[in-house]
Amino acid sequence: MSEKIRATLAIDKTADGKFIWVVTAVEGDIGTMPRIERATTGYATEDEARRAGEQQIEKMRAD
């Protein structure tokens, strides 16, 4: 069984020194428009941002 979405997770550092996650996801096949979601809050460490981004991907897959 294939996954409902395919997603990549990137961690960006903001101007104020915090980290945010950015998820780019494609639903179904490669012919669909990508969905890009970005964290609205900054995280103190890159690890925290990565864990929150991974949780977002799981939430998107559950929808």
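The structure this text deals with has already been given above.
One structure accompanies this document, and this report is about it. The structure presented is a predicted model; accordingly, all values stated were derived computationally and were not measured.

### Points about the overall build of the protein
- Along its length, the protein carries one helix and three strands.
- Each helix (α) and strand (β) of the protein, taken in turn from the N terminus, gives the series β-β-β-α.
- Principal-axis analysis of the C-alpha atoms gives the protein an extent of 40 × 20 × 15 Å.
- Out of the 63 residues in the protein, the part that is buried amounts to 25%.
- Here the contacts in the protein between residues at least 6 apart in sequence split such that 38% fall between residues at least 24 apart.
- In the form shown here, the protein has an accessible surface area of approximately 4,600 Å², with 51% of it arising from carbon and sulfur atoms.
- Separation of charge centres in the protein, based on 10 positive and 12 negative side chains, amounts to 1 Å.

### Description of the sheet that holds strand β2 (residues 19–27)
- Across the sheet, which stays open at both edges, the three strands sit in the order β1-β2-β3 with antiparallel pairing between neighbours. Two strands in the sheet have a free side with no partner beyond their single neighbour: β1 (5–13) and β3 (35–38). Neighbouring strand axes in the sheet, compared pairwise and without regard to direction, differ in orientation by 20° on average.
- In the sheet, β2 pairs with β3 via four bridges, with the strands oriented antiparallel. Paired with A25 across the two strands is R35, which belongs to β3.

### What to know about the environment of I11
- Within the secondary structure, I11 is located in strand β1.
- Note: C-alpha distance between I11 and R50 (39 residues apart in sequence) is 6.7 Å.
- The residues touching I11, leaving out its near neighbours within four places in the chain, are F19, I20, W21, E46, A49 and R50.

### Things to note about the nonpolar core
- Of all hydrophobic cores here, the largest spans 12 residues; its members are I5, I11, F19, I20, W21, V23, A25, A39, A49, A52, I57 and M60.
- When residues of this core are assigned to their parent elements, the largest contribution, five residues, is made by β2.
- Excluding anything up to four places from it in sequence, F19 contacts I11, D12, K13, T41, G42, Y43, A44, T45, E46 and A49.

### Examining the pattern of salt bridges
- Counted by the stated rule, this structure contains four salt bridges.
- The shortest N-O distance in the salt bridge between R50 and E46 comes to 3.4 Å. Here R50 pairs with E46, and both are found in helix α1 (residues 46–62), just four residues apart, close to one helical turn.

Conventions and cut-offs
Residues numbered from 1 in each chain as written. Predicted model: local features only at pLDDT ≥ 70, side-chain atom pairs only at ≥ 80, totals over all residues. Heavy atoms only, no water. Helix = DSSP H or I, 4+ residues; strand = E, 2+ residues; numbered from the N terminus. Buried < 20%, exposed > 50% of the residue type's maximum accessible area, 1.4 Å probe, protein only. Contact = heavy atoms within 4.5 Å. Areas by Shrake-Rupley, 256 points an atom, 1.4 Å probe, with all protein chains shown as cover. Lys, Arg positive; Asp, Glu negative; His and termini not counted. Charge placed at Lys NZ, Arg CZ, Asp CG, Glu CD. Pairing = 2+ DSSP bridges. Axes fitted to C-alpha atoms, helices over the stretch in contact; angles between N-to-C directions. Core = buried A, V, L, I, M, F, W, Y, C linked by side-chain atoms within 4.5 Å. Salt bridge = Lys/Arg side-chain N within 4 Å of Asp/Glu carboxyl O.

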